[in-house]
Amino acid sequence: MLIDTHCHLAAADFAADRDAVAAAARAAGVARIVIPAVDAASFAEVRDCCTSHVGCVPAYGIHPLYVQQADETDLDALRGWLQRAAAGPDPPVALGEIGLDFFVAEPDVARQERFFVEQLRIARDADLPVLLHVRRSVDQVLKYLRRIRVPGGIAHAFNGSRQQAEEFIRLGFRLGFGGALTYSGSTRIRQLAASLPLASIVLETDAPDMPPAWLAGGRNTPLELPRINQVLAELRGIDASELASATAANAQSALPRLRSPD
């Protein structure tokens, strides 16, 4: 069994063939796909995608690159949405995608941090783990996680140092690895994915983004997860089925509301 812990299947990139993409991934052994929202406008799209496709489960949050278009009422909307969704047929497994992104030119650091802090508080109050966006911001994200303790979660698309990885693990987080580890030039990511404790690793695609090496920059899909799993298994020197089982168990531990597949 494989679990894709981060996939934007509700995005417009999949509007033309979403049903086929979801079915192909499930047929290939991807039993669960976690679909995070990026802003308040996408909450309903994520919910509808999960309702329509077996194995898809939602997370709701406001992405750091979308906070410029958000306002305080969106945080209220998130609180209300989480409360209503918790009682629905597809309760959220996490709050996300949230975090900080200092890679973009001239980021509004204060605004990103304000929304991140408020969403950490919402996650804490709702007893939900978080899906973290940590691009060029690992130390700052860790600073806030020490101050506002949430019930763990996943550092998505991890690309930090060994020391930073160990601090996430100490705080109860798993680390997400995906297409980046399939590039021979991604030396640090490949070394970390190969050497960190197996219990700390989960798999993801971040589809439609972060395509693996064999897609040559094309659209990524959750169907690529089995091959990403195979690459990582080879890096770690273990059987692919062993890796799949371990990372699926890690995902379910990081996201306790992620139910076992039907």
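This text goes with the structure placed above it.
Residues numbered from 1 in each chain as written. Predicted model: local features only at pLDDT ≥ 70, side-chain atom pairs only at ≥ 80, totals over all residues. Heavy atoms only, no water.

(A) Structural context of the overall build of the chain. Within the chain, the secondary structure is distributed over nine helices and eight strands. What you see for the chain is a C-alpha radius of gyration of 17 Å, in line with the 18 Å of a compact globule of 262 residues. Projected onto the principal axes, the alpha-carbon positions of the chain cover approximately 45 × 40 × 30 Å. Taking the contacts inside the chain whose residues are at least 6 apart along the sequence as the reference set, 68% of them involve residues at least 24 apart. (Helix = DSSP H or I, 4+ residues; strand = E, 2+ residues; numbered from the N terminus. Rg over C-alpha atoms; globule rule 2.2 N^0.38 Å. Contact = heavy atoms within 4.5 Å.)

(B) Local environment of the packing of helix α4 (residues 109–126) against helix α5 (residues 138–147). At a minimum axis distance of 10 Å, the contact between α4 and α5 shows a crossing angle of 35°. Taken as a pair, α4 and α5 cross one another with a handedness that is right-handed. Residues Glu 113, Phe 116, Val 117 and Leu 120 of α4 form the contact with α5, whose own contacting residues are Val 141, Tyr 144 and Leu 145. In terms of residue class, the contact of α4 with α5 is built from six nonpolar, no polar and one charged. (Axes fitted to C-alpha atoms, helices over the stretch in contact; angles between N-to-C directions. Left-handed = near helix turned anticlockwise from the far one by under 90°. Nonpolar A, V, L, I, M, F, W, Y, C, P; charged D, E, K, R; others polar.)

(C) Here's a closer look at empty space enclosed by the protein. Per the stated rule, a full pass over the model turns up one cavity of 30 Å³ or more. Estimates place the volume of the largest cavity at around 40 Å³. Every residue along the wall of the largest cavity is listed here: Ala 22, Ala 25, Arg 26, Val 30, Ala 31, Ile 33, Val 54, Gly 55 and Cys 56. Secondary structure elements with two or more residues in the lining of the largest cavity: α1 (18–27) and β2 (30–36). Tallied by class, the residues present in the lining of the largest cavity amount to seven nonpolar, one polar and one charged. (1 Å grid on protein atoms, 1.4 Å probe; cavity = no way out; pocket = protein on both sides within 12 Å on 5 of 7 lines; lining within 4 Å. Points joined across faces, edges and corners; volume = space filled by probe spheres on them.)

(D) Quick look at the layout of surface pockets. Here the largest pocket defines a volume of roughly 880 Å³. Split by residue class, the lining of the largest pocket holds 20 nonpolar, 13 polar and eleven charged.

(E) Here's a closer look at the sheet that holds strand β6 (residues 153–156). Strands sit in the order β1-β2-β3-β4-β5-β6-β7-β8 across an open sheet of eight strands; the sheet is parallel. With partners counted over all chains shown, the strands left at the sheet margins are β1 (2–4) and β8 (201–203), one partner each. Taken over all neighbouring pairs, the strand axes of this sheet differ in orientation by 30° on average, direction set aside. Of the strand pairs in this sheet, β1 and β2 are connected by three bridges, and their pairing is parallel. (Pairing = 2+ DSSP bridges.)

(F) Quick look at the pairing of β6. Two strands pair when backbone bridges link them, and strand β5 (residues 130–133) and β6 are joined in this way by four bridges, in the parallel orientation. Across the sheet, residue Leu 132 finds its bridge partner in β6, namely Ala 155. For the handedness criterion, the β-α-β arrangement of β5, α5 and β6 is classed as right-handed. Here β6 runs beside strand β7 (residues 173–177); their pairing, made up of three bridges, is parallel. Residue pairing across strands places Ala 155 opposite Leu 175, the latter belonging to β7. Handedness of the crossover is the feature at issue here: the chain leaves β6, passes through helix α6 (residues 162–170), returns alongside β7, and the resulting connection is right-handed. (Right-handed = clockwise from strand over helix to strand, strands pointing away.)

(G) Inspection of the side chain of Glu 224 at higher detail. The residue Glu 224 is located in the loop between β8 and α8 (225–236) in this model. Of the side chains with opposite charge, Arg 227 lies nearest to the buried Glu 224, which makes no salt bridge, at 5.4 Å. With sequence-adjacent residues up to four places away left out, Glu 224 is seen in contact with Pro 212, Trp 214 and Leu 215. (Buried < 20%, exposed > 50% of the residue type's maximum accessible area, 1.4 Å probe, protein only. Lys, Arg positive; Asp, Glu negative; His and termini not counted. Salt bridge = Lys/Arg side-chain N within 4 Å of Asp/Glu carboxyl O.)

(H) The arrangement of the pairing of β2 in detail. For β2, the buried fraction is high: seven of the seven residues fall into the buried class. A crossover connection joins β1 to the parallel β2 through α1; in handedness this β-α-β unit is right-handed. The pairing of β2 with strand β3 (residues 56–60) spans four bridges and is classified as parallel. When the bridges of β3 are listed, Pro 36 appears paired with Ala 59. Note on the crossover from β2 through helix α2 (residues 43–52) to β3: the handedness is right-handed.

(I) Examining the environment of Gly 29 more closely. Mapped onto the elements, Gly 29 comes out in the loop between α1 and β2. Distance in space between the C-alpha atoms of Gly 29 and Ala 244 is 9.7 Å, their sequence separation being 215 residues. Residues within four places of Gly 29 in sequence aside, it is in contact with Met 1 and Leu 2.

(J) Spatial organisation of α4. With 18 residues, α4 should reach 26 Å at 1.5 Å per residue; the first-to-last C-alpha distance of 25 Å fits that figure. Note on α4: the residue one or two positions beyond its end, Asp 127, has a positive phi of about 55°. (Expected span 1.5 Å × (residues − 1).)

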